[in-house]
Amino acid sequence: MYDNKYGYFSEDSNEYVITDPRTPRPWFNYMWNDHYAGLISHTGGGFSYLDTPRDNRLTRMRYNCLPWDRPGRYVIVKDTESGKYWSLSWAPTIDLNYDLYECRHGFGYTKITTEINGIRGEITYFVPNDINAEVWHVNLTNLTNKSRRLEIYSFTELLMGNALNDLINQPNDKHFTEIIFNNQQKTLEATRRYWVLNKKVSVAQPNIDWKHIVHFTQTLPIKGFDGSLDKFIGKWRSEANPICIETGKMTNSEITAGDPIAALQSKIILNPKKTREFAVVFGVSAKESENPYKDLQWEKLTNINFVKEQFELLKNKWEKHLSTVSTITPDKKFNLMINSWNQYQAAVTFDMARNSGYYHGGLLFGTGMRDQFQDIIGMVISHPDKVRARLLNALRFQFKDGSTLHNFFKLTDWGEKTNHSDTPLWIPFGLVEYLNETADFSILDEVVKYYDEGEGTVYEHLKMAIDFALSATTKRGIPKIMNGDWNDTLDHVGPQGKGETIWGAFFLSYVIKKTFELLEFKKDEETLARWKKAYDNIGKIVNEVAWDGEWYIRAFRDNGEPLGTSKHKQGKIFINSQSWAIISGQAPKDRAAKCLSSLKKYLAKSNGMQICWPSYTEVEDNVGLISRCVPGKKENGAIFNHASSWVVLAAIMQGDAEFAFDIYSRMNPINSSKRIDRYEVEPYVYAEYVTSSDHPTEGQASHSWLTGTAVWMFRIGIDSILGFSPCLKGMYINPNIPKTWKVFTAKRSFRGKTINMTVKNADRKNSGVKSISVNGVKLNDNLIDVNAFDSNELNVEVIIK
């Protein structure tokens, strides 16, 4: 389905099938469990890590390397008789003429099939659900009528430790590597004697031991091995032509220093038309373990039947995950994304944040507080228990005054406090979203330590975040922008503490309003009254000072000058202050209509919504990095998908479901990637941005996978379009659909029950519920109290009036 010159979706939409390896960029997938993770490209590239990609990187990926996407996880086959050799994943032997290439990216796995020199190779990469290891499951088939003597070389370049230190201090860092061959286990064992676990780049020497051992083996008889990259590859060579493969002789090198590699050699005879199956296993154990092979279930993991069982368990896990939400509407592209790839991408962002990707290299960001509390909305339906744990963990990085770190790193519990004005407010946002989904009010009584001193209940953490934001305002009551808000590139608008964020005022209003139902439930009348007054005051002052005539300005600088006004020649209008004026409820009806009209007139483009217009072509130092970005890319005038998704929500709230769904459809990567050679990145997941017409490469996308777009498009799709809108009291039903949809069905899990909904729209309306019945019982309003029904299956029929 929906093919381009490089690939297509499988008929069941569960795989993206790539048929030409020379894609415009490497096209990636993810394989991971709660601790072990890896990026895997369509040519076997990417890197693996344990818990965190900066401090505990396992394998190496070179940034900006040529050829692209090196090194990787390779199995190279050599015909002993002819001397020809080739990779089962196409790379690194990319100059050979393969008879067949196919890569299938699935949920948690990638399978690459090649045919060349009369041998068919199938290699499936995956990470088992509960073992800190990755498996490369291989099938080799002899397509010819003669027996073949084959040599099998499996190898991957190791890093083991701090990836940032490896990048900037690699000549010194390689003095601490150690690799030996365990003859009893027929396994290479690799570790390092020194681990740089600094909280940031530093010349300090922490003098601590790396706490892990890498184990690498394959289930074929081992004939040779190498731990030295130099000896295996050879001088003036690359992964494409290692000297050991060319000569057929491994050096059996064990090292105590030098660049590390895990490389193994086996030899087989493959009879005509027969298949040989084996597995390559890469695992990680704790150095302090008394029995690491038992911990890794090594004996089982090197058994092909167990490998197959683990792969089936992985597929079952994702089948269960994707079963919590599904829909059948007249729009098949909408269905495909909601039912599979959008959900899957949301799960990836939940665990990878903006930290473990091809574009987010895992060296700098750690886990962002802003990202963490947004990404939970993509997982809370299927895994509320994981979300609960993640929320409690992230709250540890809030200070006693309600402010927060901007980001944090898992192993060191260190992060940066950057004074972004919006960061603390994502705490109440995420907590209320969790409560709306689960009604798990017990989380509010959990006690969590503050990052600096003391501790408080989760409810106190929530309140402190909003009260801090209310305190961090100017004399007239508008939030200070400080070193930026959601738009990180507005970093010079208010560093002196005088600049104001109008988007931030709307966002603060939205978050305050979002808590009202919770405050009523808690009978916290004092806070409710105080915050309602604050909400009204913000709305009053913003409407007095920030209306430009056709839209709201974006901010005020330290010197009092407005940003985002029609009086300027660049950066006249910004997307977020219009969409969030509507979302927050602070824009009066007439102004909300003008905001939406201005968005349509100035910012609506073929692929979505432009973040600001016109793009900055001249540097304005008192605006910030945005004006140094090239026009038409990133925050300087790109089609910024994360912000575009909020326009969809705003349009629905404004009653314009047709425009909302139009923009939603333009953003769908199946649609926005139609010019695939220009678009370049994966057409099966959302990208952070698409270049606008303000740049010659209009239509080029970048920063795929790890973007807040994923969770917002997923939840707007099911909450606001399909109409499943959870709240503390239950599930509010309110579809907002194209008039052409005469009927659709949707299923959603909610608080232990399954809601099976059929929506009928014979009168061709966009919205407006005429009647709702649950299991044959007609309701008086749109709210379903799921606890009022004994059955775990709620069959809901909705009639649009």
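You'll find the structure just up there.
An account of the accompanying structure is given in this report. Being a predicted model, the structure only gives us computed values, none of them experimental.

This part is about unusual backbone geometry. Along the chain, Arg-70 connects to Pro-71 via a cis peptide bond; the corresponding omega equals -20°. Relative to the assigned elements, Pro-71 resides in the loop between strand 6 (57-59) and strand 7 (74-79). The omega angle of the peptide bond from Ala-91 to Pro-92 is 10°, so this bond is cis rather than trans. Inspection of the secondary structure assignment puts Pro-92 in the loop between strand 8 (85-87) and strand 9 (100-106). Positioned with a positive phi, Asn-419 is a non-glycine residue whose angle comes to about 65°. According to the relative accessible area criterion, Asn-419 is partly exposed, its value standing at 39%. At Lys-634, a residue that is not glycine, the phi angle is positive and equals roughly 45°. Inspection of the secondary structure puts Lys-634 in the loop between strand 32 (612-613) and strand 33 (639-640).

Turning our attention to the nonpolar core. A general tendency of soluble globular proteins is for nonpolar side chains to be buried together. Of all hydrophobic cores here, the largest spans 251 residues; its most connected members are Leu-140, Phe-232, Trp-341, Trp-705 and Ile-784. Considering every element that reaches this core, the biggest residue donor is helix 7 (residues 332-352), with eleven residues. Apart from residues lying up to four places away in sequence, Phe-232 is in contact with Tyr-153, Phe-155, Asp-226, Pro-242, Ile-243, Cys-244, Ile-245, Met-250, Ile-261 and Ala-263.

Here the focus is the pairing of strand 4 (residues 36-41). Among the six residues of strand 4, six are classified as buried, and the element is accordingly described as predominantly covered. Here strand 4 shows a buried face lined by Tyr-36, Gly-38 and Ile-40 and a second buried face lined by Ala-37, Leu-39 and Ser-41. Relative to strand 4, strand 3 (residues 28-32) is paired through five bridges, and the arrangement is antiparallel. Bridge pairing in strand 4 places Met-31 opposite Gly-38. Taken together, strand 3 and the strand that follows it, strand 4, pair antiparallel across an intervening segment of three residues. Bridge count for strand 4 against strand 5 (residues 48-50) is three bridges, and the pairing is antiparallel. Within strand 5, the residue paired with Tyr-36 across the bridge is Leu-50. Taking the residues that link successive antiparallel strands as the turn, the strand 4-strand 5 hairpin has six residues, and the phi of Gly-44 there is positive, at about 85°.

On to the pairing of strand 40 (residues 769-774), then. For strand 40, the tally of buried residues reaches five of six residues, placing the bulk of the element in the interior. Bridge count between strand 40 and strand 43 (residues 793-800): five bridges; the pairing is antiparallel. Paired with Ser-773 across the two strands is Glu-797, which belongs to strand 43. Linking strand 40 back to strand 41 (residues 777-778) in an antiparallel pair, the connection comprises two residues, with Asn-775 at a positive phi of about 50°.

This part takes up the pattern of salt bridges. If charged atoms from side chains of opposite charge come close, those side chains can pair. Evaluation of the coordinates by the stated rule reveals 49 salt bridges. A salt bridge links Glu-246 to Arg-237, with the nearest nitrogen and oxygen atoms 3.0 Å apart. On the basis of relative accessible area, Arg-237 is assigned to the partly exposed category, the value being 28%. Asp-413 is the salt-bridge partner of Arg-396, the closest N and O atoms lying 3.0 Å from each other. Placement of the pair is Arg-396 in the loop between helix 9 (384-394) and strand 22 (407-408) and Asp-413 in the loop between strand 22 and strand 23 (415-416), with a sequence separation of 17 residues.

Okay, helix 6 (residues 304-322) next. Taking 1.5 Å of rise per residue, 19 residues should cover 27 Å, and helix 6 covers 27 Å from first to last C-alpha, within 8% of that figure. Listed in full, the buried residues belonging to helix 6 are Ile-304, Phe-306, Val-307, Gln-310, Phe-311, Leu-314, Trp-318, His-321 and Leu-322. Along the long axis of helix 6, the arc covered by the buried residues comes to 165°, so they all point the same way. Facing away from the buried side of helix 6 by over 90 degrees, the exposed positions are Asn-305, Glu-319 and Lys-320.

Parameters and conventions
- Residues numbered from 1 in each chain as written.
- Predicted model: local features only at pLDDT ≥ 70, side-chain atom pairs only at ≥ 80, totals over all residues.
- Heavy atoms only, no water.
- Helix = DSSP H or I, 4+ residues; strand = E, 2+ residues; numbered from the N terminus.
- Buried < 20%, exposed > 50% of the residue type's maximum accessible area, 1.4 Å probe, protein only.
- Core = buried A, V, L, I, M, F, W, Y, C linked by side-chain atoms within 4.5 Å.
- Contact = heavy atoms within 4.5 Å.
- Pairing = 2+ DSSP bridges.
- Salt bridge = Lys/Arg side-chain N within 4 Å of Asp/Glu carboxyl O.
- Expected span 1.5 Å × (residues − 1).
- Arc of directions from axis to C-beta.

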